[in-house]
Every structure is written in structure tokens, then in C-alpha cells.
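# Overview (structure and organization)
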Amino acid sequence: MTALEAIRQAEDRLTARFADKLVVNHDLNRTLVSFQANKRQNGYRWFKYKEGFSASLVGYLLERLGVAGGRLIDPFAGSGAALFGAAEAGLDSLGIELLPVGREIIEARKLAPDPSDLAPSLEQWEREKPWRAARQVAPFGHLRITEGAFPPETEESIGKYVASLEGVEPRARSLLRFAAMCVLEEVSYTRKDGQYLRWDYRSGRRQGAKRFDKGPIPGFDEAVTAKLRQIREDIGGRPKGLFAGLERGTVEVVTGSCLDVLPRTEAAAFDCLITSPPYCNRYDYTRTYALELAFLGTPENELRELRQAMVSCTVENRDKEGLWRRFEGELFQRAKEAFEGQELLIQLLAYLEQRRAAGLLNNAGIPRMVRNYFREMALVIFECARVLKPGAPLVMVNDNVRYDGAGVPVDLILSEFARRAGFEVETIWVLPIGKGNSSQQMGRHGRDELRKCVYVWRAPKAPQARKPNPPLAARR
């Protein structure tokens, strides 16, 4: 029996364990569980955060699961879709977010409920374009991977715009700066492409054998004026502001990795959890959002620290040995045992290590990434069981993946971790249409559609024991 055949048999056994939970949900589609549905929604359309899910999905989930009040937590808050969707439904919400880009989006959107002193400032900047007359040019704090991203005249306009923000009232300044961040990709030579930034041939950078042309690139003045108009129209479009529901629900965000923050969060404190963690697909958010991180003043050393602090999802993530030394006690041991005792996962990791040793993987870091992804996610899941109230729903959006012919059923492996953590696996909603594997995978191993799922788990009926960590005190 080959290694792949043994892996498939182990997957069949795990699938049989959850066979009655795998349910095709025809209410769901790829538009709803991705950013696509946000493109035309006021407020959510300001920044193209492609890794997020839609606000419509949040509303659907809260109604379907009967969550009408209390507190929601999202350990991977991203651009805040779960937080603001919950606030609109009357829930207080707490998000944990590591990347400054996500926090900037959330803080900008928190300004929207009271547009009285913001819309006039936006309208003035849209109409008068005061940066055009600026004599000062704020330098763009490029990272190595963003050098040369803009035509010279565009970078100068960005610098004048930023310099002109000095002296503007703080709340208006925050929203005006946010508007500039929203158009950086549009006015650059780059396009976000999952694992990296693709560079237009006009940048002078060589990238791949195929010439990439992103089409017309607008000037900064044109792009930012359109964005200011869009934001102004959105926040002024309702009598009480865009997010009127925030009168009933609050939004908070904590800075940091959920691996650090969750252990300091109060036990049995939340009535619902909706999240979408990084997928185990090699995407490096510190690269895809490099322009925005540079704009926000992220230095090179901090970029590397952010990359290593996030849940392992890229081949550049190293082992977090320092993290494991900080954890102790029963919860950590149970998470460790769930990881080490998962039969299919152990076979998958052994197969990937063999392929790496034989030089057959296209990147030697894949086995380490997959191993650490599941090790870290096991800990996250056990911590989530602790912070949720008994019977509270946890909803997770995630994708299955494939490496060198071996399918990785992320939905089943994480659901097995959840079961070991005390969760009831209520259902694993499967989208009617999955996704194909990469062209390289198809060429070598044939096409095999991968499930895209939304998991619904119920927290343990008995509250989980507290860890001996101090409670979360400072929230930002």
C-alpha cells in the first residue's frame, strides 16, 4: 500500500466519524462566505479585504443559530465583519487582531455612527483637494518589498496628502488617512495575489515568465477623491449614521495574536464566536498587505515579527518554541494530546516529511507549516472552548487544502480537535460548489474538488477550567 493510499483510508475513517454532520447548505455560496458580497455594501466596501467573509453571512448565522443578544468574540477579527455584523444585531463584540491593517479598518469604521462632524471634512477635502497646494511631502516609509510600487508622481501626491493632514481634527484625520490607505493598491503597480504581490511590467521589476499588465492605473488624486466621496455618501446615507445598530452593540478590538490574548481572556464570557482563521494555504498577509503596512509606518523588523507571531500559514513561519514554553496546565496538555493523537494528521505529516527529504516538494517549509498550523489551531480551539459560555455556538469558515497529492481535510481534523475539547460538532455545512486544486496539482494528480465549509460547534455544557493566567485587563 502506498503512503497516499494509507492516507486516503485514514481520511475515509475520519469522514465516516462525521458523515452525519457533513451537510450541503444551499443557502451558502462562495460570494457569501468571502469578500465578494461586501463589494456593494455601504461601509464594508471601503477597503478590499479579500480574506474576510461577508456581513450578510454574519446576519444569516446569528439568525439561523438564534443568537439575539450577549457578547460575540472573533479571535481573527480581520476587517471586523463579524464585529460590526454582531453590533448591528445588538450584540457587544470583541475582536482580536494582530495586523495593523485590520485594526485601522475597524477603527475607521467605528467612527461612522456619528457622521455629523466627519462628512463636512470629507466633502471639503473631496471638493478643494488641499494637498495639491502642499509644500511639504511626507516620505513614504517603504519596506524592501514595496520599493518602486508607485509612479513617482503618485508617490509625491500621497506624500503631500499625508503632510496636509497635520492640524486636521483627530477623528476626521483618521478617516482621511484611512481613505488614502484604501486606494494604495489601486494606484500602484501591484495587485494582491494570495501568496505575494504581483508586479505590473511597467514597474521595471521582473516577476515570473509571464508579463503582467494590471490595466489602467489611475492617479492618486482621482482615486482618493472617489474614495472620499464613497465614504461620505455611505456615512451620510442614514439619519443616524451608517452603523445605527452600534447604539445597541459595542465594538472593541484587542491588539495582538489570539495565541497570546485568548489565554488572558475571561472564561465563559461570550455567547457566540464567529471567525475565519488564516487558511493552511501558504498565504502571507504581511506580504499581500505590505503597501498598507508600509503606509502605516511598520518598520522592517516589526514586519518580520508580525509574520512570525501570526498563526502559522506560510512557509516562512518558524517553530514558536517560545510560545509553547509559556503554556502549561491541563488545557495545554489536552490540546497537545489532541494534536499528537490525530491519526490522519500524523500520516499526512510523515508523508510530507518524506517528500521533503526526497526533494519532491516545491518548498521545503511546507511540512513545518502544516504541522505548526494544526498544533497552534488545536490550542486556539481549546482556548475557545474555555472562553465560551456552555452551549454557545462557535462558527468557523475555512478551506480544505492539498499538498503534493495528499488532501488535507482541515474541516474534519479541526472538528476532531473540537470534539476532544468538549465541543459538540453540530454540523459542518458544505458549500454546494467546492474549489479545484492548483494547476500543478491537477497536472500531477488529477482534479479533485476540495470542500469549502462552515463549521458549527457548540461549547461544552460544563464550563472549562480557568487557566492560571491573569485576566485580560487592557483593551485597545
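We now turn to the structure provided with this report. The structure displayed is predicted, hence computed values, not measured ones.

## What about the packing of aromatic side chains?
- Under the definition given, this model contains 15 aromatic pairs.
- Relative to Tyr 161, the ring of Trp 125 lies with its centre 5.1 Å away and its plane at 75°, an arrangement referred to as edge-to-face. Residue Trp 125 is found in helix α5 (residues 119–128), and its partner Tyr 161 is found in helix α6 (residues 152–164); the two are separated by 36 residues along the sequence. Across the pair, Tyr 161 and Trp 125 agree in class, each one buried.
- Among the aromatic residues, those joined into a ring-pair cluster are Trp 125, Trp 131, Tyr 161 and Phe 220.
- One residue, Arg 211, lies across the ring of Tyr 201, its end atom 3.9 Å from the ring centre.

## Comments concerning helix α17 (residues 366–387)
- Its 22 residues place the ends of α17 31 Å apart at the C-alpha level, agreeing with the 32 Å of an ideal helix rising 1.5 Å per residue.
- Taking burial as the measure, the 22 residues of α17 include 19 buried ones, the bulk of the element.

## A word on the pattern of salt bridges
- Summed over all chains, the structure comprises 34 salt bridges.
- Two residues, Glu 292 and Lys 192, come together in a salt bridge whose shortest N-O distance is 2.9 Å. Remark: Lys 192 occurs in strand β4 (residues 190–193) and Glu 292 occurs in helix α12 (residues 290–295); sequence separation between them is 100 residues. Each member of the pair Glu 292 and Lys 192 is classed as buried.
- Arg 419 serves as the salt-bridge partner of Glu 416, at 2.5 Å between the closest nitrogen and oxygen. Here Glu 416 pairs with Arg 419, and both are found in helix α18 (residues 410–420), just 3 residues apart, close to one helical turn.
- Taking the relative accessible area as the measure of exposure, Glu 416 reaches 5% and is therefore buried.

What counts as what
- Residues numbered from 1 in each chain as written.
- Predicted model: local features only at pLDDT ≥ 70, side-chain atom pairs only at ≥ 80, totals over all residues.
- Heavy atoms only, no water.
- Phe/Tyr/Trp six-rings, centres within 6.5 Å; stacked < 30°, edge-to-face > 60°.
- Helix = DSSP H or I, 4+ residues; strand = E, 2+ residues; numbered from the N terminus.
- Buried < 20%, exposed > 50% of the residue type's maximum accessible area, 1.4 Å probe, protein only.
- Lys NZ or Arg CZ within 6 Å of the ring centre and 35° of its normal.
- Expected span 1.5 Å × (residues − 1).
- Salt bridge = Lys/Arg side-chain N within 4 Å of Asp/Glu carboxyl O.

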